[in-house]
Amino acid sequence: MPTPAHDFNQSVIDEFRARQGKVGGPFEGGDLLLLTTTGAKSGAPHTTPLGYVRHAGELLVVGSNLGAPQHPAWYHNLLARPQVEVELGADTFEALAVPAEGEQRVELFGEIVRAVPGYADYQAGTARTLPVVRLLPAEPDGWRAPGEVRTLAGKLLEVHTWLRAQLRHVGAETEAHFTARADHTGPGAPPAPGLGLQIRQRCLAFCQTLEFHHTSEDAHLFPGIAAHHPHLAGTFERLRDEHRTVARIQGELVSLLGEVAIAEPERFRVELARMTAELTAHLEHEEETLLPLLEEVPWPPPRP
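These figures come from a predicted structure and were not determined experimentally.

A. Quick peek at the overall build of the chain. Assigned secondary structure in the chain consists of eight helices and seven strands. For the chain, with 304 residues in total, the buried portion stands at 41%. Taking as baseline every contact in the chain between residues at least 6 positions apart, the subset at least 24 positions apart corresponds to 69%. Carbon and sulfur atoms form 57% of the exposed surface of the chain, whose accessible area is close to 16100 Å². Computed over 26 positive and 40 negative side-chain charges, the separation of the two mean positions in the chain equals 2 Å.

B. Region of the structure containing the sheet that holds strand E1 (residues 32-38). Here we have seven strands laid out as an open sheet, ordered E2-E1-E5-E6-E7-E4-E3, and antiparallel in their pairing. The open sheet has two edge strands, strand E2 (45-51) and strand E3 (53-55), and neither has a second partner. Between one strand axis and the next, the sheet turns by 35° as a mean value, whatever way the strands run. As paired elements, strand E5 (residues 83-88) and strand E6 (residues 91-99) share six bridges and run antiparallel to each other. Its bridge partner lying in E6, valine 84 is registered against alanine 95. Docked against the sheet, helix H3 (residues 102-115) engages E3, strand E4 (58-62) and strand E7 (132-137), running at close to 95° with respect to E7.

C. Main features of the pairing of E4. With four of its five residues buried, E4 lies for the most part within the structure. Between the antiparallel neighbours E3 and E4 lie two residues, among them alanine 56 with a positive phi of about 50°. Pairing of E4 with E7 involves four bridges; the strand directions are antiparallel. When the bridges of E7 are listed, leucine 60 appears paired with arginine 134.

D. Main features of the pairing of E1. Counting buried residues in E1 gives six out of seven residues, a clear majority hidden from the surface. Judged from the seven bridges that link them, E1 and E2 form a sheet pairing that is antiparallel. Paired with leucine 34 across the strands is proline 49, a residue of E2.

E. Layout of the nonpolar core. One finds Leu163, Phe206, Leu210, Leu253, Leu257, Phe268 and Leu279 to be the most contacted residues of the largest nonpolar core, which totals 23 residues. Of all elements in the fold, only helix H5 (152-182), helix H6 (196-228), helix H7 (233-258) and helix H8 (265-294) reach the threshold of two or more residues within this core. By residue number, the principal contributor to this core is H5, which donates six residues. Counting residues in hydrophobic clusters, the runner-up holds 16 residues, among them Leu35, Val61, Ala97 and Val133.

Parameters at a glance
- Residues numbered from 1 in each chain as written.
- Predicted model: local features only at pLDDT ≥ 70, side-chain atom pairs only at ≥ 80, totals over all residues.
- Heavy atoms only, no water.
- Helix = DSSP H or I, 4+ residues; strand = E, 2+ residues; numbered from the N terminus.
- Buried < 20%, exposed > 50% of the residue type's maximum accessible area, 1.4 Å probe, protein only.
- Contact = heavy atoms within 4.5 Å.
- Areas by Shrake-Rupley, 256 points an atom, 1.4 Å probe, with all protein chains shown as cover.
- Lys, Arg positive; Asp, Glu negative; His and termini not counted.
- Charge placed at Lys NZ, Arg CZ, Asp CG, Glu CD.
- Pairing = 2+ DSSP bridges.
- Axes fitted to C-alpha atoms, helices over the stretch in contact; angles between N-to-C directions.
- Core = buried A, V, L, I, M, F, W, Y, C linked by side-chain atoms within 4.5 Å.

Here you go:
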C-alpha cells in the first residue's frame, strides 16, 4: 500500500515530467532533478526527486534523507548498481553515480552548503556523514560509438567497444590512484586521492553491463541463431562455458579493485593486466565467432 511520502513523491515526479522540470509547492524555484536507480535487491527501477547543486560542471546530490539517522534507499541502490538515469528539465541521460570520498567529500559538501545552507542543518541533526554523490558521464573517456548501427553485428560491436573503453578507463583511474600515492612526500600516510569508490563504481558498471550482455546472448541470441543454424549448437555451448569463466573473472576483478586503496602497486598491476587480457580475449573470440553470422540481421529488429 503506497505511503503518504510515496504519494507525495509521485505527485512531484508527475508534475516534473508534465512541465519539463518545473514544479511548484516546496520545490518551486529550486534546482530539482529526478534520479532513477535500480533496486539493490529487487532489480526494479525507483525514481526519486532530489535537489542538486552544479559545481565545476558536475551535478551533485546529497543523501540527506532530511537528516534521518539512516542513508536513503536510493543511495544504497546506487552503491550496488552505479548506472543511473537522470532527468533534468526536458533532458534524460544515463550517468555513473560516484560517492565522493575523504577531502574531496569535505570540499564538495562545503560548496553545497554555500549554495544551499539547509544541508548544514541536516548534517547537524544526524551523527552519520551525509553522502555527496557526483553524477558523472556514464560513457568512459575516449569512447566513440562505431557509427550508425544497422545490423545486429554492428550492435554487438558497439557494446564491445563500450566495454573495452570501460576497461581502459578503469586502468587509467587505477594508475592515477597509484601516482597520487607515489607522489606523496613528508611524514604521515599519503592522502587518499579520492578514486577508490570511483574505480569501484566504474568496475561495477562494466561488470554489470557485461553480465547483462551475456545473459541476453545465452537466453535469446544464441537460441535464435541455433534455430536456423543447428550445426552451430556446439559453438554456442562453448561460448556459454566461456561466459561462466568470464563471470568468475568479473568477480575476481571486483574483489581486486575493492582493495586498491591498500594494494601493493606492482602485484596489483600484474593481476589487473591478466584479467584485462582475459576479458579482451573473450570479446575478440566472440567477434570472430558471431559477427559473420549477424551481418545480415537488421538492427533494430523489425516490428511484427
